[in-house]
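Take a look at the letters that make up each chain.
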Amino acid sequence: MHDNQPRTPDTLPEVITRYLKAHRAHDTATAVTAFTGEATVIDDGNTYQGTEEIEGWLGRSATEFTYTIHLTNAQQTDATRYIATHHLEGNFPGGTIDLRYQFTLRDDLIERLVIEP
């Protein structure tokens, strides 16, 4: 089932909630298990391809800034795509931002993640 209605965090697929919880806890080892072997992540204008590059990105993003992150909206846009909007506050340039985490799933894993305002 999918629609464009807002969804609560508990209605997101398990793989997305596992990734989000692990990322929030700076648990890189668990977070990377949510991705396919050839997954792509696009964040802050950079592209990371495959689990090795994604693991490096996760490690850097966990230590670069200190911030809080709160899920403000979640929705399924089609059979394999979800958007989770987060509000971040921290010591990064600007101090606050709302980011859209756009997930594409394949075989119950994250195949593509695009993070943008």
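Here the structure is shown first, and the text comes after it.
Conventions we followed
Counting from 1, residues in each chain are numbered in the order their sequence is written. Totals for whole chains, interfaces and linings use every residue, but because this is a predicted model, local features are given only for residues with pLDDT of at least 70 and side-chain atom pairs only at 80 or more, for both listing and counting. The side-chain quantities take in all heavy atoms of the structure and omit both hydrogens and water. Note: two strands are recorded as paired if DSSP finds a minimum of 2 bridges between them. Secondary structure counts use DSSP, requiring at least four H or I residues in a row for a helix and at least two E residues in a row for a strand, with both numbered from the N terminus. Geometry is summarised by axes, namely lines fitted to C-alpha atoms with helices restricted to the contacting stretch, and by angles between N-to-C directions that run from 0 to 180 degrees. The criterion used for residue contact is that any of the two residues' heavy atoms lie within 4.5 Å.

### Quick look at the sheet that holds strand S4 (residues 81-90)
Right, so step 1: As summarised here, the arrangement of the six strands in space is S2-S1-S6-S5-S4-S3, forming an open sheet in which the pairing is mixed. Every interior strand has two partners, whereas the edge strands, strand S2 (46-49) and strand S3 (67-76), have only one. The sheet shows a mean angle of 15 degrees between the axes of neighbouring strands, taken without regard to direction.
Right, so step 2: Pairing analysis gives four bridges linking strand S1 (residues 35-43) to S2, with the strands arranged antiparallel. Paired with Ile-42 across the two strands is Thr-47, which belongs to S2.
Right, so step 3: With respect to the sheet, helix H1 (residues 14-24) is in contact with S1, S3, S4, strand S5 (96-106) and strand S6 (109-116), its orientation differing from that of S5 by roughly 140 degrees.
Right, so step 4: Helix H3 (residues 50-64) rests against S1, S2, S3 and S6 of the sheet, and its axis sits at about 45 degrees to S1.

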